Every structure is written in structure tokens, then in C-alpha cells.
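So you can see what is in the structure, the chains are spelled out below.
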There are 2 protein chains.
Amino acid sequence: MLQQEKDNLVFKALANETRRTILDALKPGPLTTSALTELLPDLDRTTVMQHLNVLVKADLVIVERRGRERWNHLNALPIQAIHERWIGEFAGYAADRLAKLKRDLESR
Amino acid sequence: MLQQEKDNLVFKALANETRRTILDALKPGPLTTSALTELLPDLDRTTVMQHLNVLVKADLVIVERRGRERWNHLNALPIQAIHERWIGEFAGYAADRLAKLKRDLESR
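From a predicted model like this one, the values you see are computed outputs, not experimental measurements. (Residues numbered from 1 in each chain as written. Chains lettered and ligands numbered in written order. Predicted model: local features only at pLDDT ≥ 70, side-chain atom pairs only at ≥ 80, totals over all residues. Heavy atoms only, no water.)

(A) Fine view of the sheet that holds strand E1 (residues 31–32) of chain B. Residues and elements named next belong to chain B. On the basis of which strands lie adjacent, the open sheet formed by 3 strands has the order E1-E3-E2 and antiparallel pairing. The two strands at the open ends of the sheet, each matched to only one other strand, are E1 and strand E2 (61–66). Sheet analysis places E2 next to strand E3 (residues 69–74), joined by 6 bridges and oriented antiparallel. For Arg-65, the partnering residue across the bridge sits in E3 and is Arg-70. Together, E2 and E3 form the strand contacts of helix H4 (residues 45–57), whose direction differs from that of E3 by roughly 50 degrees. (Pairing = 2+ DSSP bridges. Helix = DSSP H or I, 4+ residues; strand = E, 2+ residues; numbered from the N terminus. Contact = heavy atoms within 4.5 Å. Axes fitted to C-alpha atoms, helices over the stretch in contact; angles between N-to-C directions.)

(B) Layout of the packing of aromatic side chains. The tally for this structure, following the rule as stated, stands at 2 aromatic pairs over all chains. Between Phe-11 of chain B and Trp-86 of chain B the ring centres are 6.1 Å apart and the planes differ by 50 degrees, which places this aromatic pair in the tilted class. With a gap of 75 residues between them, Phe-11 of chain B in helix H1 (residues 3–14) and Trp-86 of chain B in helix H5 (residues 77–86) connect regions that are remote in the sequence. Of the two residues examined, Phe-11 of chain B and Trp-86 of chain B, each falls in the buried class. The ring of Trp-71 of chain A has Arg-66 of chain A lying over it, and the distance from NZ or CZ to the ring centre is 4.5 Å. (Phe/Tyr/Trp six-rings, centres within 6.5 Å; stacked < 30°, edge-to-face > 60°. Buried < 20%, exposed > 50% of the residue type's maximum accessible area, 1.4 Å probe, protein only. Lys NZ or Arg CZ within 6 Å of the ring centre and 35° of its normal.)

(C) Just the environment of Pro-30 of chain B, in detail. All names here are of chain B. One can find Pro-30 in the loop between helix H2 (17–26) and E1. Judged by its relative accessible area of 33%, Pro-30 is partly exposed. For the pair Pro-30 and Asn-72, spaced 42 residues apart in the sequence, the C-alpha separation amounts to 5.3 Å. With residues near it in sequence (within four places) discarded, Pro-30 still touches Trp-71, Asn-72 and His-73.

Here it is as C-alpha cells:
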């Protein structure tokens, strides 16, 4: 697959609020599809599965099968690639430092 | 505007290959709309302006007017926010280090 096609899958996957909420839910750690469905009471299991499939095709979620369970992991690499594309390594360090400084000042 | 609405503007702006190419062109530094149109020979000026307007509404591009010129600047803050949302400060540092290590190893 061309990089441009991969990028399209990533950005179209992220252009949906429900899928962003699913990624938020997976940030602290992997969840089974059942646990994820319980966390999102507005959605039925079929809808959650459909959104997960879009995220898996975009490589934003990696599925690990353990017996009959399906554990969904957030994959940070495509997110890191967005950062590298438009901010880059050194500017990214500076931006991190600035964001930290802002938080420190706001927490005083 | 709610944060969710702002996020929708950002991700819908990024979900278009031409707009991503415009941001790539602005990464090294700001450009006038004329200079940007020259860099993108497949697009006419009206199309470039339309895409720029979507990027400005998403706060991904900031416009600076100097006399009759319109200088377009890439704004990295919404990109940094994507990184912070799903990677976070400390994991981001680790991810940066890993990406650097990978580049170092590949360049040997």
C-alpha cells in the first residue's frame, strides 16, 4: 500500500468522534471488545466492532487474540508519524517543554 | 466553540491529501499564497485559497497580513495536541528516542 493510502486510512479513521473516543478509552491500556462496549453505553457491540475494524485497518488499533477474547491495543506509531511529519524531532522536544511549562505555571 | 467541535475541524481538515500537502509545504517556513500556488502546479489559486480557509478555520494555518501580501504559517499546536492526547509527554519522549534510534540504526 502506498504511504498516501495509509495516511488516508489514518486520517479518515481519526475524523470521527466515536473512533477518537475509542482511542481515548484504550490509551491507559488494552481492553477486550466486551469491556470497551461496556465503557461506551451509547453504542451497541456491532457498532463498536465496526469502528474497531476501521481503526485496525488504519493500524491505530492492534488486536491480540487470547483464547476467545479479543484484546484491543492502541498503536501509537501512526500518531507519532503525524507528529514527526509536521513538528519533527527537535521542534517536538521544544513543544513538549513548552507544554510542560504551561502546565506547571497553570498548576501553581 | 466546544473542544469536540474544534477537534472535528482539525481532523476533517487533515483528512484531505491536498491539505496535508499544503501543510508539508509550510513546514520549513511561512509562504505567501502566491508562492504556495506556484509550489502546487496542479491546483489553481481559488482551490488553494479554499483549502487554506479550511486549514485556517481548524487553526492549523495562521495568516499574517503584510501590506497586500498574505503570509500563511503552519501552526503546530493542534498537531502537538493530537500527540499529547494519545501519547502524552513521557511516552512521547520514549517514542522520540525510539524513532531516533531506528533512524540511527538504519543510517549505518
